[in-house]
Amino acid sequence: MALIVQKYGGSSVGNLDRIHHVAEKVIKAKQEGHHVVVVVSAMYGETDRLIRLASALTQHYEPREYDVLIASGEQVSMALLSMALNAKNCPARSFTGPQVGIYTDNIHTKARILKVKTEVIQRELEKDRIVVVAGFQGVNEHGDITTLGRGGSDTTAVAIAAALKADECQIYTDVDGVYTTDPHFLPAARLIPRISFEEMLELASLGAKVLQMRSVELASKHNMPIRVLSTFSDGPGTLVTFEDKTMQKRLVSGIAFSREEAIISLSGVPRKLGMEGHILGRVSEANIEIDMIAQNASTRDDTSDFTFTVNRREYQRAMSVIEELVTELDTMINIKTNSKVAKLSLVGIGMRSHAGVATTMFKALGREGINIQMITTSEIKISVVVDEEHLEKGVQAIHQAFELDKAESDKNPPFFE
Ligand code: ADP
Ligand code: ASP
Ligand code: MG
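As the structure is a prediction and not an experimental result, all values here were calculated from the model.

This part takes up the overall build of the protein chain. Helix and strand content of the protein chain: 14 helices and 18 strands. Against the 2.2 N^0.38 benchmark of 22 Å for 417 residues, the protein chain shows a C-alpha radius of gyration of 23 Å, consistent with a compact globule. Dimensions of the protein chain along its principal axes, counting C-alpha atoms only, are 80 × 55 × 35 Å. Burial status across the protein chain gives 51% buried among its 417 residues. Here the analysis covers contacts within the protein chain between residues at least 6 apart in sequence; of these, 74% occur between residues at least 24 apart. As displayed, the protein chain has an accessible area near 19800 Å², and 49% of this comes from carbon and sulfur atoms. Here the protein chain contributes 46 positively and 54 negatively charged side chains, and the mean placements of these two sets differ by 3 Å.

Here the focus is the packing of helix 3 (residues 63-70) against helix 4 (residues 72-87). For the pair helix 3 and helix 4, the least separation of the axes is 4 Å and the interaxial angle reads 20°. When the axes of helix 3 and helix 4 are compared, the pair comes out roughly parallel. Contact residues: helix 3 offers Val68, Leu69 and Ile70, while helix 4 offers Ser72, Gly73 and Glu74. Classifying every residue of the contact of helix 3 with helix 4 gives three nonpolar, two polar and one charged.

Quick look at the sheet that holds strand 9 (residues 168-173) now. With respect to topology, eight strands assemble into an open sheet ordered 3-6-2-1-9-11-12-10, the strand pairing being mixed. One side of each edge strand has no neighbouring strand; the edge strands of this open sheet are strand 3 (92-95) and strand 10 (194-196). In this sheet, neighbouring strand axes are inclined to one another by 20° on average, regardless of whether the strands run parallel or antiparallel. Pairing geometry for strand 3 and strand 6 (residues 130-134), over four bridges, is parallel. Within strand 6, the residue paired with phenylalanine 95 across the bridge is valine 133. Taken strand by strand, helix 6 (residues 119-126) contacts strand 1 (3-8), strand 2 (35-40), strand 3 and strand 6, and its axis lies near 170° from that of strand 3.

Neighbouring residues of ligand 1: 16 residues in total, closest Thr173, Asp174, Tyr179, Asp182 and His184. Take threonine 173: an N or O atom from its side chain is 2.7 Å from an oxygen atom of ligand 1. Here an oxygen atom of ligand 1 sits 2.9 Å away from a polar atom, N or O, in the side chain of histidine 184. Out of a free accessible area of 570 Å², ligand 1 has 88% covered by protein chains. In terms of residue class, the shell around ligand 1 is made up of six nonpolar, six polar and four charged.

Checked against the element boundaries, threonine 156 lands in helix 7 (residues 153-164). On the basis of relative accessible area, threonine 156 is assigned to the buried category, the value being 0%. Apart from residues lying up to four places away in sequence, threonine 156 is in contact with Val39, Ile102, Ile113, Ala134, Gly135, Phe136, Gln137 and Leu148.

Procedures and definitions
- Residues numbered from 1 in each chain as written.
- Chains lettered and ligands numbered in written order.
- Predicted model: local features only at pLDDT ≥ 70, side-chain atom pairs only at ≥ 80, totals over all residues.
- Heavy atoms only, no water.
- Helix = DSSP H or I, 4+ residues; strand = E, 2+ residues; numbered from the N terminus.
- Rg over C-alpha atoms; globule rule 2.2 N^0.38 Å.
- Buried < 20%, exposed > 50% of the residue type's maximum accessible area, 1.4 Å probe, protein only.
- Contact = heavy atoms within 4.5 Å.
- Areas by Shrake-Rupley, 256 points an atom, 1.4 Å probe, with all protein chains shown as cover.
- Lys, Arg positive; Asp, Glu negative; His and termini not counted.
- Charge placed at Lys NZ, Arg CZ, Asp CG, Glu CD.
- Axes fitted to C-alpha atoms, helices over the stretch in contact; angles between N-to-C directions.
- Parallel < 35°, antiparallel > 145°, perpendicular 65-115°, else oblique.
- Nonpolar A, V, L, I, M, F, W, Y, C, P; charged D, E, K, R; others polar.
- Pairing = 2+ DSSP bridges.
- Near = heavy atom within 4 Å.
- Polar contact = N/O pair within 3.5 Å; in protein donor to acceptor, adjacent residues only side chain to side chain.

These results come straight from atomic positions and should not be treated as a statement about function.
The following block contains the structure:
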């Protein structure tokens, strides 16, 4: 008898028919002789609706109340699934995150899980019941409800699987697994049968929302492989696990992208010791996260050009901070911005041992006439910023250049131009 944790996302529990379908899948696993713990998200669109309600009411809500509100979507789906299971003569009980004992820190709206108690779940499993847990939420040291950041039900599932030392952690969603890029964006994308924690972590942090980044972090920390599967069709899905030889043979694994970027460029910044820290310090004091940074010294005078990117949602605020700072500095700094840029990233552990990946990527973009505005690299990824209108063409070009649409066996050996 195995212990399986299954997580069903928003579209998987999006209406009552789908909840019935999920109940059938859970019952099947139970009939195969397994103990099953199910983690559910809010019904599709519900969390967004709750957020809109809060924003329509006031722009100055308390984070505590905001979390109470947005955690409620999961409570609806856990109860409905539990009712559906019981109606099908499969004993089940639902619990919120706090009821189960998911303890988090105090950072409302993006809390981290600190501890998962297993007593309640174990007790229910011993009574041979299905345990249905609301994803995305926990409780802090004050007894207040917290939420885990968008997409956080994935993290709830992994945390519970790790705490219970489950045999499998299955994440059911609306696609067959992890693809070479978002299959809704590029139909030529291919399913990746196995991917390393490290690559998945990069893809998730660079915009592939199929798994929340923290769930992958946690899975890797606790040696808990994750299987990503479709709720609506059968198939082996994708196993997110430790690096192995087959993965190492691949040059690159996938492409992630994010449209939510904005670029701010300052030219003519006086070259003084500590100036970079001064500028960035002001931006981060305003709680604005900076992503990419580049600096070029001017060859003409004693100034430099300083460029950085922020999330588009924070662009207006970042601009106010920068304009204020430039006025204070009282020098001829020229500000150039573009709030319609996108970040496109290529990820693969094969990059560690193969040079030339960047050249192939940049040439592929060049052939399409796509101008690269900024570049950052790490050991297993290359990210570029391009105009948002070129995103689709760019993803397509890179996907093709690395033959990501082909099966491993049909690919040419790593080639570089
Ligand atoms: P759920 O509601 O089940 O948690 P999400 O919408 O959070 O589902 O995540 C699934 C979505 O992630 C897919 O519908 C797909 O559009 C998107 N996605 C982005 N990148 C990828 C990728 N590389 N592979 C698979 N899906 C991806
Ligand atoms: N309902 C939450 C969200 O929409 C959590 C989740 O779906 O994982 O972000
Ligand atoms: Mg999700």
